[in-house]
Amino acid sequence: MKTLTAVRGFPLPVRLLLVNQLGVNTGFYLLIPYLATHLSDDLGLSAAVVGVVLGLRNLSQQGLFLLGGSAADRLGARGVIIAGCALRTVGFALFALGDALPLLLAASILSGLAGALFNPAVRTYVVLEAGDRKAEAFALFNVFATTGALLGPLLGSLLLLVDFRAAAVSAAGVFALLTLAQLLVLPVRKIPAPDTGVFADWREAARSRGFLPFALAMIGMFGLENQLYLLLPHAAVRASGWDGSIGLLFLIGTVANVLFQLRITRRLGAAGGRARWIAAGLAVMGLGFVPPMFVAGASGPHPLNLLVVLSGVLLLHLGVMIAQPFVMELIPAFGRPGLTGTYYGLFYAVSGIAAAAGSAGIGWAMDSADRTGPSWLPFACCLALGLASAAAVARLHRRRALPAGPEAESGPPGAGASPAPPAAVLSPAPPGPPAAGTRTEGGAR
């Protein structure tokens, strides 16, 4: 009930974007977890071709986050969100249309590009609309996203009883409905004409004191969260001997988020010291791999072993709940409001690519453990990654390389603070044609 009350306290656009996040994750996880099996088993594609199709989706998303963020700053977050969801609709629909490789590659690229567009744009819009409740808004985003990550695979498994095309069409339908809702509900806002070029914006963000080191430090958050899809499902199945135990990883996360996310963010936010809580959350995420480390070498499955693994998963989710809302709140405080999307785009590009490299290293540790290495090796790598990321954030904080958080918004931009956003960005566009030197989202300059 407290979560619903908090949702109602936000403006209508934020409430829609929360539902949007639920729908985005539901639609995504309804299809993507089953795509590799469809490509290999149903279509008979080789493992190499499957890897290319899946890799293109990841590459087009991670590699184009920066472009998506810049588009949100220059064209308006609303239009970029709508374009991203529309592209995801087309991309997922293409997966249902046929089995020709060019069609599959186009679907994969469009699906990845869609994520690169709407992910930074949605967060930019939330920053503009949420005011001084940014961390709380991002906490609710975590709740809705985790719920979608649970609902998606459940719906996908039911639709696959029909066939893969039914799942693909349903996922496309979810994104089509989201696109329509955004067109109807998200207000059009005037966007100040940029004074600098795109490359100058990128240089400004990259040179912002502490920003790139902070983005690299977040490899722990992204890399460890990715283990919900790699290492931890493997550990849960080995501990229980039951494939269905994978669903418990997401069920625990959803229940914990609904019950505790908002409370945690409010209490820690009231205590101040955002960077301290980010470091603490990263450390807790790393410690979440200690319990499954102790049962990794068990001789056979046992219900108690599964409980040990799930206790570690709960710690991982707790660490995400502590750190993630404050990370999302802190990113725009590194620079001026006109570059909020650029900062989110660069952050996701740097952290995502670094996290992919980290996940590859953990995958190598898993292979080594299965062959000749100690069974605890991949879990020890995850523990080290979490603690190293926490130490990196703590060091940046001690060196005063991080913004102080929302309280820093009144400080000078050169100190990593963000001045108050211009009224033209935050207020609805008045009726009539736009003034000279501005552009309207979705319209011509």
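Residues numbered from 1 in each chain as written. Predicted model: local features only at pLDDT ≥ 70, side-chain atom pairs only at ≥ 80, totals over all residues. Heavy atoms only, no water.

Let us now look at the overall build of the chain. Each helix and strand counted, the chain has 20 helices and 2 strands in total. Expected size for 445 residues packed as a compact globule is a radius of gyration near 22 Å; at 22 Å, the chain falls within 12% of this value. Once the C-alpha set of the chain is aligned to its principal axes, its extents read approximately 70 × 55 × 45 Å. Buried residues in the chain amount to 54% of all 445 residues. Within the chain, contacts between residues separated by at least 24 positions form 84% of all contacts whose residues are at least 6 apart in sequence. For the chain, the exposed area adds up to about 18,500 Å²; of that, 68% sits on carbon and sulfur atoms. (Helix = DSSP H or I, 4+ residues; strand = E, 2+ residues; numbered from the N terminus. Rg over C-alpha atoms; globule rule 2.2 N^0.38 Å. Buried < 20%, exposed > 50% of the residue type's maximum accessible area, 1.4 Å probe, protein only. Contact = heavy atoms within 4.5 Å. Areas by Shrake-Rupley, 256 points an atom, 1.4 Å probe, with all protein chains shown as cover.)

There is a patch of like positive charges on the surface, built from Arg209, Arg395, Arg398 and Arg399. You can call Arg398 exposed: its relative accessible area is 61%. (Patch = residues over 30% accessible without salt bridge, like charges linked within 9 Å, V, L, I, M, F, W, Y side chains within 5 Å. Salt bridge = Lys/Arg side-chain N within 4 Å of Asp/Glu carboxyl O. Lys, Arg positive; Asp, Glu negative; His and termini not counted. Charge placed at Lys NZ, Arg CZ, Asp CG, Glu CD.)

The biggest cluster of nonpolar side chains holds 128 residues, and the ones touching the most others in it are Phe214, Met218 and Phe347. With residues up to four places along the chain from it excluded, the contact list for Phe347 reads Phe211, Phe214, Ala215, Met218, Phe222, Val327, Met328, Ile331 and Gly352. (Core = buried A, V, L, I, M, F, W, Y, C linked by side-chain atoms within 4.5 Å.)

Our focus in this paragraph is the packing of helix H6 (residues 77-97) against helix H7 (residues 101-130). In a packed pair of helices, the relevant descriptors are the angle between the two axes and the axis-to-axis distance. One way to put it is that H6 packs onto H7 with a least axis distance of 7 Å and a crossing angle of 155°. Judged by the inter-axis angle, H6 sits roughly antiparallel to H7. Relative to H7, H6 is oriented so that their crossing is left-handed. Per-class residue counts for the contact of H6 with H7 are 23 nonpolar, 6 polar and 2 charged. (Axes fitted to C-alpha atoms, helices over the stretch in contact; angles between N-to-C directions. Parallel < 35°, antiparallel > 145°, perpendicular 65-115°, else oblique. Left-handed = near helix turned anticlockwise from the far one by under 90°. Nonpolar A, V, L, I, M, F, W, Y, C, P; charged D, E, K, R; others polar.)

Axis separation between H6 and helix H9 (residues 164-185) bottoms out at 8 Å; the angle between their running directions is 165°. In terms of axis orientation, H6 runs roughly antiparallel to H9. Crossing hand, H6 versus H9: left-handed. Where H6 approaches H9, its residues Arg78, Ile81, Ile82, Cys85, Ala86, Arg88, Thr89, Phe92, Ala93, Phe95, Ala96 and Leu97 are matched on the opposing element by Phe164, Arg165, Ala168, Val169, Ala171, Ala172, Phe175, Ala176, Leu178, Thr179, Gln182 and Leu183. Class assignment for the residues of the contact of H6 with H9 results in 18 nonpolar, 3 polar and 3 charged.

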